[in-house]
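Understanding the architecture of this molecule
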Amino acid sequence: MDARLTTRLLADGDVAAHRAALQELEALAREHPEQRQPIADVVCRYLREPAGPAAAGQQAVALLAVLARQHPDVGDRSADGADASSSACETGCEHCLDLELDTAVLPDVDFGGCRLGDVSFTDTHFRGASVFARTRFANTALFQRSVFEGDASFAGARFTREADFGRTRFRADADFSRVRFQSIAWFGRGEELLNEDDDEACEEIESRQPLAWDELNEDDPRWPMAKLVDDYQSWEEGGDGTRFNHGVSFADATFAMEAWFWKARFGSAVSFQRCEFGGRVNLIQPAVDLTGARLTADARARGQEWPEGQDWPLGWATASDLEDDGAALVVLDESLRPYHRHLADPDPEVRLAGLHILGELGDADADLRERIADTVCAYLRTPLAFDVTIDVFDLTPAQFAELRARRAAQRLLTDRTRPGTGHPLWEDVDLQLSGATLIDFDAGGCRLASGDFAGAQFYGTTSFAGATFGGEKPSYGTEVMFALASGGHQGRATFYGPADFTGVPVGRSGLMRCRFHTDGAVRASGTDQDLIRVLLAARLDAEPAHVTAEFRRALRSDTIGRNVEYGPVPGPPDAPWEARTGLKVSGTDVLLADVAGRLDGADSFPELIGEQWEAATGAIRALLEALEAD
C-alpha cells in the first residue's frame with residue numbers, strides 16, 4: 001500500500017485533503033483486493049486517533065463498509081436489501097474484515113449485510129443510527145461499554161463466536177430480532193479481564209478515558225473498565241450490565257449457548273418471544289416476555305453443568321412435557337396465579353396491584369420469598385425516564401403513579417424484612433439493588449442476609465439505622481456493599497440527601513468510597529474506623545485546595561491542619577491503573593482513611609515519621625469529635 005496515502009490521511013490537514021485520501025484508498029482497494037485489510041487498518045486508525053469525531057468520519061465509515069462488502073461471498077442484495085448469501089463464514093476466514101475501532105467517535109454507520117472477522121468496538125461512541133442488520137461476525141465481536149445514541153439494528157445478524165455487549169448503553173431503540181448467537185451472548189458486566197503479567201494491556205486500559213456516564217438521575221458510579229482475572233470468582237460479580245433505555249426486541253433470536261443478562265437493565269417491556277435457548281440462561285427481569293420460547297434438548301442434556309438451573313423471570317417456567325425434538329417450551333407458571341406479569345405492564349396501577357399480589361404470595365410461601373425479592377429488585381433497577389428531583393406538583397399523572405409504584409416496591413422489600421410491621425418476617429433475604437434509583441429508602445431495622453447497593457442512587461432521606469446483615473446462606477461478596485469490593489471509587493453509591501447508618505458496621509462495606517451530596521447530614525456510629533471512613537468520603541469531587549482548607553477550618557488546629565491535605569494517591573500494585581483520592585498526610589501517599597483502619601498500627605506505616613503519625617491520628621480524632629459535637 002502507498003505509504004503516502006497513509007501519511008496524508010493521518011496528517012493534520014483540511015477535510016478536503018482527508019476526503020481525497022479516502023477516495024484514493026477506495027480506488028486502490030478496487031484494483032488490489034488483497035490490500036483490503038491494510039487499508040481498513042489505516043482507516044480504523046484514522047477514526048480512533050482524534051479526541052473527537054474524525055474530520056471525514058462519515059466517508060471513512062462508509063469506506064470500511066465498502067471494503068467489508070468486497071468479501072467474495074457477499075453477493076448482490078435482493079430488492080428487499082437481504083444478503084444474497086445467508087451462510088456464515090468459518091472462524092479465521094481470510095476474506096472477513098477485521099475492525100479495531102476502540103474509543104472511536106462514529107457518525108451514522110451501516111455495516112448491514114457485511115462479513116466481518118475480529119471486531120472491537122469497546123468504549124466506542126455511536127452518535128447516530130447504527131445498522132448491523134444481517135451482518136455476519138466470523139470471530140469475536142466486542143462492544144463492551146459502547147454507547148449507542150441512535151437506533152441500533154442487529155436484526156438477522158449472526159455471531160459465530162463470543163458476542164460481548166457488557167455494559168453497553170442503548171439510548172434509543174435496539175433490535176436484536178432473529179439474531180443467531182452461536183457462542184456465548186454476554187450482556188452482563190462490562191469489565192475486561194486482564195492477566196496480572198500483561199503490562200501492555202494494563203497500560204492501555206490506564207490510558208483510556210471511559211465514556212461519560214451522563215445518564216438521567218445518576219451520578220457516575222465509576223464502574224471499572226478492567227479487572228484482573230483472579231478478582232472475580234463468578235459471573236455474578238462486578239459492575240452494571242447492558243442498559244436499554246428504550247424499546248428492545250430479541251424476538252425469534254437463537255442463543256445456541258449461554259444467554260447472560262445478569263444486571264442488565266431494560267427501560268421498557270422487552271420481547272424474547274419464540275426465542276430458542278441452548279445453554280444456561282440468566283434473565284430475571286420482570287419486563288421480559290418469553291411467549292413461545294423454547295429450551296433445546298442440548299441445553300437440557302447439559303443442565304447438570306449449571307446446578308443453578310435456568311433463571312427465568314418470575315412467572316415463567318420450563319414445561320415438564322417435551323416436544324418431539326426433546327425441547328421444552330417456556331410457559332407461564334400457573335402456580336403463581338393470580339400474579340400474571342403485572343410488573344411488565346406499562347400501567348403503574350397494574351404494577352401496584354402486582355406488588356400487592358407478590359407480597360401476599362411471599363407471605364404465604366417462604367420458598368418464594370427470595371425469587372420475589374429478586375424480581376422486585378430487578379424492577380427497581382429499571383432506568384427512570386424522567387427527573388426524580390422535579391417538584392411533585394410538576395409531575396405528570398403517569399410520573400406520579402410511577403413514583404408511587406416504586407415506593408410501594410421499596411416498602412414491600414423493607415416491611416417484610418423488618419420485625420414488627422404486621423407482616424410475616426421474610427428471613428435470610430438478599431437485596432440485589434446495584435445501580436437502582438431509590439427514593440426515601442428506609443431499611444432501618446431490617447434484617448437481611450446481604451445487600452448489594454453498589455452504584456445505587458439514593459434520593460431523599462435514606463436510613464439503614466439499626467439494619468443488620470448476615471444470614472445462614474452464602475451470598476455474593478461481602479454482606480453489605482455500597483461500592484465494589486475491588487477498591488477505589490469503583491461502583492460507588494451516591495447519596496443526595498440525609499443518610500443514617502447508625503448501628504451499621506460499615507467498615508468493609510465500601511461506604512467510605514461513596515459520594516455524599518449532603519455531608520452534614522451523614523450519621524453513623526461504631527468504631528473509629530467506621531465513623532472516620534464515612535467522613536473522609538464526604539467530599540470527593542470539589543477542588544483539592546478548597547477541600548483542604550475546609551477540613552483545616554473544621555479541625556480548628558493549625559498543628560494538625562498543616563499536616564493534612566486533599567489529593568490523589570497511587571492505586572494498589574495489583575491494579576496499577578487505579579488511583580484513590582481523599583484526605584492524606586501531607587507530603588506522603590498515605591490516606592487518612594487507611595490510618596483510620598489501623599489506629600493502633602503505627603508500625604504498618606513505615607513511610608510516616610513520628611510527627612506525621614501523631615498528626616494523622618490527631619486529625620482523625622478531631623474529626624470524630626466534630627461529628628459527635630454536631
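Further up the page is the structure itself.
Because the structure is a prediction, the values reported are computed rather than measured. (Residues numbered from 1 in each chain as written. Predicted model: local features only at pLDDT ≥ 70, side-chain atom pairs only at ≥ 80, totals over all residues. Heavy atoms only, no water.)

Some details on the overall build of the protein chain
The following threshold applies: Only DSSP runs of H or I covering at least 4 residues are called helices, and only runs of E covering at least 2 are called strands; the numbering of each starts at the N terminus. Residue exposure (1.4 Å probe, protein chains only): buried if accessible area is under 20% of the type maximum, exposed if over 50%, otherwise partly exposed. Note on definitions: a residue-residue contact is assigned when non-hydrogen atoms from the two residues lie within 4.5 Å. For accessible areas, the Shrake-Rupley method is used with a probe of radius 1.4 Å. Any residue's cover is judged against the shown protein chains and nothing else.
From N to C terminus, the protein chain includes 14 helices and 44 strands. Expressed as a percentage of its 630 residues, the buried residues of the protein chain come to 56%. When contacts within the protein chain are restricted to residue pairs at least 6 apart in sequence, long-range pairs at least 24 apart make up 51% of them. Accessible surface computed for the protein chain: about 26100 Å², of which carbon and sulfur atoms make up 48%.

Regarding the sheet that holds strand β19 (residues 243-244)
Just so we agree on the cut-off: Note: two strands are recorded as paired if DSSP finds a minimum of 2 bridges between them.
Reading across the sheet, the six strands line up as β2-β5-β9-β13-β19-β23 and stay open at both edges, with parallel pairing between neighbours. The outermost strands of the open sheet, each flanked by one partner alone, are β2 (105-106) and β23 (265-266). As judged from the two bridges shared by β2 and strand β5 (residues 125-126), these two strands associate in the parallel manner. In the sheet register, L106 faces β5, and the bridge partner there is F126.

What to know about the pattern of salt bridges
To be explicit about the condition: Salt bridges are defined as contacts in which a side-chain nitrogen from Lys or Arg sits within 4 Å of a carboxyl oxygen from Asp or Glu.
In this structure the tally under the stated criterion is 37 salt bridges. Residue R447 pairs with E427 through a salt bridge whose shortest N-O separation is 3.1 Å. Of this pair, R447 sits in strand β33 (residues 447-448) while E427 is found in the loop between α9 (397-415) and β31 (430-432), placing the two residues 20 residues apart along the sequence. Since its relative accessible area comes to 40%, R447 is described here as partly exposed. Ionic contacts of the salt-bridge type, sharing partners, join the residues E149, R169, R171, D214, E215, E218, D240, R243, R265 and R381 into one network.

Description of the packing of aromatic side chains
Quick note on the threshold: In this analysis, rings of Phe, Tyr and Trp, with Trp reduced to its six-membered ring, are considered paired at centre separations within 6.5 Å, and the interplanar angle assigns stacked below 30 degrees, edge-to-face beyond 60, and tilted for intermediate values. As a reminder, the over-ring test applies to NZ of lysine and CZ of arginine, requiring each to be within 6 Å of the ring centre and within 35 degrees of the ring normal.
Enumeration over the complete set of coordinates arrives at 63 aromatic pairs. Ring centres 4.6 Å apart and planes at 5 degrees place the aromatic pair F458 and F495 in the stacked group. Of the two residues, F458 sits in strand β35 (residues 457-459) while F495 sits in strand β39 (residues 494-495), which places them 37 residues apart along the sequence. Summarising the burial analysis for this pair, F458 and F495 share the class buried. Positioned above the aromatic ring of Y379, the side-chain terminus of R406 is 5.7 Å from the ring centre.

Looking at the pairing of strand β1 (residues 97-100)
Burial along β1 is one-sided: the residues L97 and L99 are buried and none of D98 and E100 is. Relative to strand β4 (residues 115-120), β1 is paired through three bridges, and the arrangement is parallel. Directly across from L99, in β4, lies its bridge partner V119.

A closer look at empty space enclosed by the protein
Using the following cut-off: Residues are called lining when one of their atoms sits within 4 Å of a cavity or pocket point, these points coming from a 1 Å grid over the protein atoms alone, where a cavity is a set in which a 1.4 Å probe fits but cannot get out and a pocket is an open set with protein on both sides within 12 Å along at least five of seven lines. Grid points are joined across faces, edges and corners, and a volume is the space filled by probe spheres set on the points. Side-chain classes follow a simple rule in which Ala, Val, Leu, Ile, Met, Phe, Trp, Tyr, Cys and Pro form the nonpolar group, Asp, Glu, Lys and Arg form the charged group, and the remainder, Gly included, forms the polar group.
Tallied over the full model, the rule gives six cavities of 30 Å³ or more. At three residues, helix α8 (residues 369-380) tops the list of elements feeding residues into the lining of the largest cavity. Partitioning the lining of the largest cavity into residue classes produces five nonpolar, three polar and three charged.

A word on the nonpolar core
For the record, the criterion: Throughout, nonpolar core names a set of buried Ala, Val, Leu, Ile, Met, Phe, Trp, Tyr and Cys residues whose side chains join them through atoms within 4.5 Å.
Membership of the largest hydrophobic core comes to 72 residues, with the highest contact counts inside it found for L47, F154, F176, F250, F255, F272 and F277. Listed by contribution, the elements that provide at least two residues to this core are α2 (15-31), α3 (36-48), α4 (57-68), β1 and β4. With seven residues, the single largest contributor to this core is α4. Residues contacting F255, with those up to four places away along its chain left out, are F181, A185, F250, F261, F272, C275, E276, F277, G278 and G279. The next biggest cluster of nonpolar side chains, apart from the first, holds 47 residues, and it includes L352, L438, A443 and V480.

Here we look at the pairing of strand β30 (residues 328-332)
Pairing of strand β28 (residues 294-295) with β30 involves two bridges; the strand directions are antiparallel. Across the sheet, the residue bridging to L295 is A328, located in β30. Alignment of strand β29 (residues 316-322) against β30, held across four bridges, turns out to be antiparallel. When the bridges of β30 are listed, L322 appears paired with A328. In sequence, β29 turns back onto β30 through a hairpin of five residues, with G326 there showing a positive phi of about 85 degrees.

Overview of the sheet that holds strand β34 (residues 450-452)
An order of β31-β34-β38 is seen for the three strands of this open sheet, with the pairing classed as parallel. Each end of this open sheet is capped by a strand with a single partner; those strands are β31 and β38 (480-481). Examined bridge by bridge, β31 and β34 share three bridges and lie parallel to one another. When the sheet's bridge partners are listed, Q432 is paired in β34 with D452.

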